[in-house]
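The primary structure of each chain is shown beneath.
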Amino acid sequence: MVIVNGIAHLHNEISLLSSIPSHVSKRIVTFFLLQFILLLYIGDVLVDGSGESELVALAIVHRHGDRTPVNSFPKNIYGNCSYWPDGWGQLTSCGKRRMYEVGKRIRKRYQNFLPHNIRDVLVRSSDADRCLESASLVLAGAFPPKDRWVWESNFHWVPIPIHTTPKPEDGVLNPSSNCPEAQKEWSRIHSSKEFIEAGYPYKDVFEYLTIHTGMNVTDIGTAHLISDVIKIQKENNFTLPWWVTDEIFEKLLKITDLLFHFDYSTPTIQRLRTGLLFEDIKNKFFTAIDSAPISLPDVYLPTSIKPKVFIYSTHDALLSAMLNALGAYNGIAPPYGTTTFFELRKNSHGRHEVSLLYLNSTAEAYPLKMSACGSSSCDLEQFVRYIDKFIPGDWQAECGLRQSSAASLVYSLLSIPLSLIVIFGALFFFYFIISRRKKDKHYDKEYLYQRLTLL
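Draft legend 1. The arrangement of the overall build of the protein chain in detail. Of the regular secondary structure elements, the protein chain holds 14 helices and 8 strands. When the 455 residues of the protein chain are sorted by exposure, 40% land in the buried category. Within the protein chain, counting contacts between residues at least 6 apart in sequence, those at least 24 apart form 71% of the total. Total accessible area on the protein chain is roughly 25900 Å²; 59% of this is exposed by carbon and sulfur atoms.

In C-alpha cells:
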C-alpha cells in the first residue's frame with residue numbers, strides 16, 4: 001500500500017515538471033523525488049505494527065518514579081522524618097502519577113503488540129518499595145483490563161504478578177547488591193587520578209557545602225549526596241536555604257552527572273552490575289524466537305502461554321551502567337521514570353534485529369545508537385556477541401562471594417596428591433616409631449641377659 005501511494009505521489013509530482021524552467025534538469029528533480037518517497041517508505045516500515053518489520057518481543061527497563069530522600073545532612077532543616085511521613089526513599093504522589101503515565105505511553109506506542117493475555121507478560125522488580133510500586137503503576141497504565149480480565153465493573157485494574165529477589169542477592173536489578181569485587185572497583189574508581197581531577201573545578205563548592213551542611217564534603221561522591229537531597233526538596237516545593245543559589249544548584253546537578261559517568265565507566269563494573277540483566281534479556285529473546293513450547297516441570301499441565309513482553313523496574317544507577325555498557329549513555333543521570341525499550345524485530349529477510357529506544361520527558365521514545373553496530377538497530381547476532389562480553393560465567397565467583405567451579409576443580413585436583421603425601425608421611429612416621437620401639441625393647445632384653453650372666 002505504501003508503494004502504491006508512493007507511485008501515485010510520484011506521478012503527481014512529475015506532472016509538475018512541465019512548469020520547471022528549461023535550465024533546471026528534470027532528471028535531478030525526479031531523482032530527489034524518488035529519494036524522498038524511499039525515505040517515506042523506510043519510515044513507514046519502522047513504525048510499530050506496520051510495514052515488513054515484525055515486532056517479536058519487547059523488553060522494557062525503567063527507573064522508578066519520584067521519591068523522597070534516602071538520606072540527609074546534619075544542618076538540613078527538613079532532615080526530620082516528620083517532613084517525610086511516607087519514610088525515606090519512598091514513592092511520592094508525583095512519582096505515582098508519572099509511572100502511571102509511563103504505562104499509558106507504553107500502551108499507546110505498542111497498542112498493536114501488547115498481549116490481551118496478561119500471562120504473556122513477565123515483570124521483575126528490584127526489591128525496593130519504590131520500584132515495586134512503580135512496576136504496578138506502569139502495569140495499571142499499560143494493561144487496563146478487557147473482556148474476561150474485567151473482574152469488577154467499576155474498578156479498571158487487574159493484578160499482574162511482579163517477581164523480585166532480596167536486595168543483597170539481586171545481581172540483576174539492584175546495583176547495590178552484595179558484590180565485594182564491585183565495591184573494590186568502585187573504590188578504585190573513586191581513588192583514580194581521573195576521578196580526583198574531575199573534582200578540582202568544584203573545590204570551592206566542596207568547601208562551601210562543608211560549611212553550610214555540616215558534612216565533610218571532599219569529592220563529587222559526597223557532594224552528590226547533598227545534591228540529591230536538595231533536588232528532591234525543591235521538587236517537593238520546600239523553601240530551600242538561602243545558601244542554595246541558582247548557581248550552586250546548577251553545579252550540584254553537574255556534579256551528580258559527573259558521578260554517574262565515573263561510577264559505571266569501567267568494563268569491570270559494567271560486567272558485575274549489568275551482566276545478569278543482559279543475560280536475562282538475551283535468554284528471554286531466544287525463548288520468544290524459539291517455536292518450541294516452554295518446558296515446565298512435570299507437575300504442570302501443557303501450556304500455550306509464551307511471554308513476549310518483559311518489564312524490569314530498577315534504579316537510575318543500573319540504567320546508567322546499562323547504557324554505559326551499550327555505549328549509549330548521554331552523560332546525564334537518568335531522570336525519574338526513564339524508560340528504555342529493547343525491541344526484537346524480524347525483518348523481511350527473516351533475520352532478527354534488536355533496536356534500542358529511550359523515553360524520558362520527551363513526547364515520544366527516540367532511538368539510541370549502540371556500540372554493538374554503530375546504529376540504533378543491530379543484527380541480533382551482533383547484539384548478542386557484544387553483550388556476551390559483559391555476561392559473567394559465574395557471577396557469584398566473579399563478585400568474590402565464592403570460588404568458581406574451575407578454581408574448585410583445580411583445588412580438588414591439587415588436594416588429592418597433597419592428601420596422599422600427608423597420609424603416606426603419617427604412615428611412614430608411625431612405622432618409624434614402632435620400629436624404633438621394637439629395636440629399643442630388643443636391646444633392653446639383651447642388656448638384661450648379659451648382666452644376669454655376670455652375677
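Draft legend 2. Structural detail: the pairing of strand β4 (residues 309–314). Within β4, 6 of the 6 residues are buried, leaving the element largely enclosed by the surrounding structure. Here strand β1 (residues 54–63) pairs with β4 via 6 bridges, running parallel. Bridge assignment links Val 61 to a residue of β4, and that residue is Tyr 312. Note: strand β2 (residues 121–126) against β4, 5 bridges, orientation parallel. Counted as the bridge partner of Arg 124 is Tyr 312 from β4.

Draft legend 3. Highlighting a nonpolar patch on the surface. Taken together, the side chains of Trp 151, Phe 155 and Trp 157 present a nonpolar region at the surface, about 330 Å² in accessible area. Mapped onto the secondary structure, Trp 151 falls in the loop between α4 (129–142) and β3 (163–165).

Draft legend 4. Highlighting the packing of helix α5 (residues 180–190) against helix α9 (residues 246–263). It is the contact of α5 with α9, at a shortest axis distance of 10 Å, that shows an interaxial angle of 125°. Taken as axis vectors, α5 and α9 run oblique relative to one another. For the crossing formed where α5 meets α9, the hand is right-handed. The residues of α9 that touch α5, namely those facing Trp 186, Ile 189 and His 190, are Leu 259, Phe 262 and Asp 263.

Draft legend 5. Just the nonpolar core, in detail. The biggest cluster of nonpolar side chains holds 73 residues, and the ones touching the most others in it are Leu 277, Met 322, Leu 326 and Phe 342. When near neighbours in sequence (up to four residues on either side) are disregarded, Phe 342 contacts Ala 57, Leu 58, Ala 59, Val 61, Ile 281, Phe 285, Met 322, Leu 326, Val 354, Ser 355, Leu 356 and Phe 383. Membership of the second largest hydrophobic core comes to 26 residues, among which are Val 102, Leu 114, Ile 311 and Leu 357.

Draft legend 6. Summary view of the packing of aromatic side chains. Inspection of every chain in the model, using the stated rule, returns 16 aromatic pairs. Seen in terms of ring centroids, Tyr 110 and Phe 341 are 5.6 Å apart; in terms of plane orientation they differ by 50°. Their pairing is tilted. In this pair, Tyr 110 sits in the loop between α3 (93–109) and β2 while Phe 341 sits in strand β5 (residues 339–346), placing the two residues 231 residues apart along the sequence. For the pair Tyr 208 and Trp 243, a centre-to-centre distance of 6.3 Å together with 70° between the ring planes defines the contact as edge-to-face. Placement of the pair is Tyr 208 in helix α7 (residues 203–213) and Trp 243 in the loop between α8 (220–235) and α9, with a sequence separation of 35 residues. A relative accessible area of 24% places Tyr 208 in the partly exposed class. According to the relative accessible area criterion, Trp 243 is buried, its value standing at 5%. Over the aromatic face of Phe 249 sits the side chain of Lys 234, whose NZ or CZ is 4.1 Å from the ring centroid.

What counts and what doesn't
- Residues numbered from 1 in each chain as written.
- Predicted model: local features only at pLDDT ≥ 70, side-chain atom pairs only at ≥ 80, totals over all residues.
- Heavy atoms only, no water.
- Helix = DSSP H or I, 4+ residues; strand = E, 2+ residues; numbered from the N terminus.
- Buried < 20%, exposed > 50% of the residue type's maximum accessible area, 1.4 Å probe, protein only.
- Contact = heavy atoms within 4.5 Å.
- Areas by Shrake-Rupley, 256 points an atom, 1.4 Å probe, with all protein chains shown as cover.
- Pairing = 2+ DSSP bridges.
- Patch = residues over 30% accessible without salt bridge, like charges linked within 9 Å, V, L, I, M, F, W, Y side chains within 5 Å.
- Salt bridge = Lys/Arg side-chain N within 4 Å of Asp/Glu carboxyl O.
- Axes fitted to C-alpha atoms, helices over the stretch in contact; angles between N-to-C directions.
- Parallel < 35°, antiparallel > 145°, perpendicular 65-115°, else oblique.
- Left-handed = near helix turned anticlockwise from the far one by under 90°.
- Core = buried A, V, L, I, M, F, W, Y, C linked by side-chain atoms within 4.5 Å.
- Phe/Tyr/Trp six-rings, centres within 6.5 Å; stacked < 30°, edge-to-face > 60°.
- Lys NZ or Arg CZ within 6 Å of the ring centre and 35° of its normal.

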